[in-house]
Amino acid sequence: MIQTARLHLRPMTENDLVPLSRALNNFRIARNTSRIPWPYRLDDAIAYLAGLRRLGPGSSWLAITRKSEPSVIVGAIGYNENPAGLEAELGYWLDEPCWSRGYGLEAATAMVTHAFTAAGNDRLTASYHHGNEASRRILDRLGFRFTHHEMSHSLARRRLVPTAFTELSRREWLRTPC
């Protein structure tokens, strides 16, 4: 578990499946991600939790909850290891009622710290679909730098969408005030 000023980042459990499926059955959330299908059903949440249990030791995905309501998921955040080396891909989503409250930056700051310190990654990558300005701002604040644009598949949109790719090295992170 990771704690921030307002949030708990904790492993997901079976008790999270219904709230998870309810929150992610929102096209406004799913359209901003690559891997979340829409509509999102309970079976998708069950498969997601099963997949989390198969992650390698260099990956970590956690539920985002508020300290005031630790049993209520307001999002998820994590990183997937790249088997080729000491790098991982950062990803996250927040429930729509929690947008514009600073939770994304707070959770992402904690997870990036975890990825570089506890997991020992040398580099993190992240991407955002064009038009997802909130995610772009979070990555900018964390010190991620743009590397390139390309088309990537969105499960929710069922098509290729323009996507910006970014990266952050451990060295850059150590120099970034956040």
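Residues numbered from 1 in each chain as written. Predicted model: local features only at pLDDT ≥ 70, side-chain atom pairs only at ≥ 80, totals over all residues. Heavy atoms only, no water.

A. Representation of the overall build of the chain within the structure. Of regular secondary structure, the chain possesses 6 helices and 8 strands. Order of helices (α) and strands (β) in the chain, N terminus to C terminus: β-β-α-α-α-β-β-β-α-β-α-β-β-α. In terms of overall dimensions, the chain has C-alpha extents of about 40 × 35 × 30 Å along its principal axes. Per-residue burial for the chain yields a buried fraction of 46% across its 178 residues. Considering only contacts in the chain between residues 6 or more positions apart, those separated by 24 or more positions represent 61%. For the chain, the accessible area works out to roughly 9200 Å², and carbon and sulfur atoms hold 54% of it. For the chain, the distance from the average site of its 23 positive side-chain charges to the average site of its 17 negative ones is 4 Å. (Helix = DSSP H or I, 4+ residues; strand = E, 2+ residues; numbered from the N terminus. Buried < 20%, exposed > 50% of the residue type's maximum accessible area, 1.4 Å probe, protein only. Contact = heavy atoms within 4.5 Å. Areas by Shrake-Rupley, 256 points an atom, 1.4 Å probe, with all protein chains shown as cover. Lys, Arg positive; Asp, Glu negative; His and termini not counted. Charge placed at Lys NZ, Arg CZ, Asp CG, Glu CD.)

B. The nonpolar core, seen in detail. Ranked by size, the top nonpolar core spans 31 residues in total, and within it Leu-9, Ile-64, Ile-77, Leu-90, Met-111, Val-112 and Phe-144 carry the most contacts. Listing elements by their share of this core, those giving two or more residues are strand 2 (7–10), strand 3 (60–66), strand 4 (69–81), strand 5 (87–94), helix 4 (103–117), strand 6 (123–129), helix 5 (133–142) and strand 8 (159–169). Considering each element in turn, this core owes the most residues, 9 residues, to helix 4. Filtering out sequence-adjacent residues up to four positions away, Ile-64 remains in contact with Leu-7, His-8, Leu-9, Val-72, Ile-73, Val-74, Gly-75, Ala-76, Ile-77, Trp-93, Leu-94 and Ala-107. Grouped together as the second largest cluster of nonpolar side chains are 18 residues, Tyr-40, Trp-61, Ile-73 and Trp-93 included. (Core = buried A, V, L, I, M, F, W, Y, C linked by side-chain atoms within 4.5 Å.)

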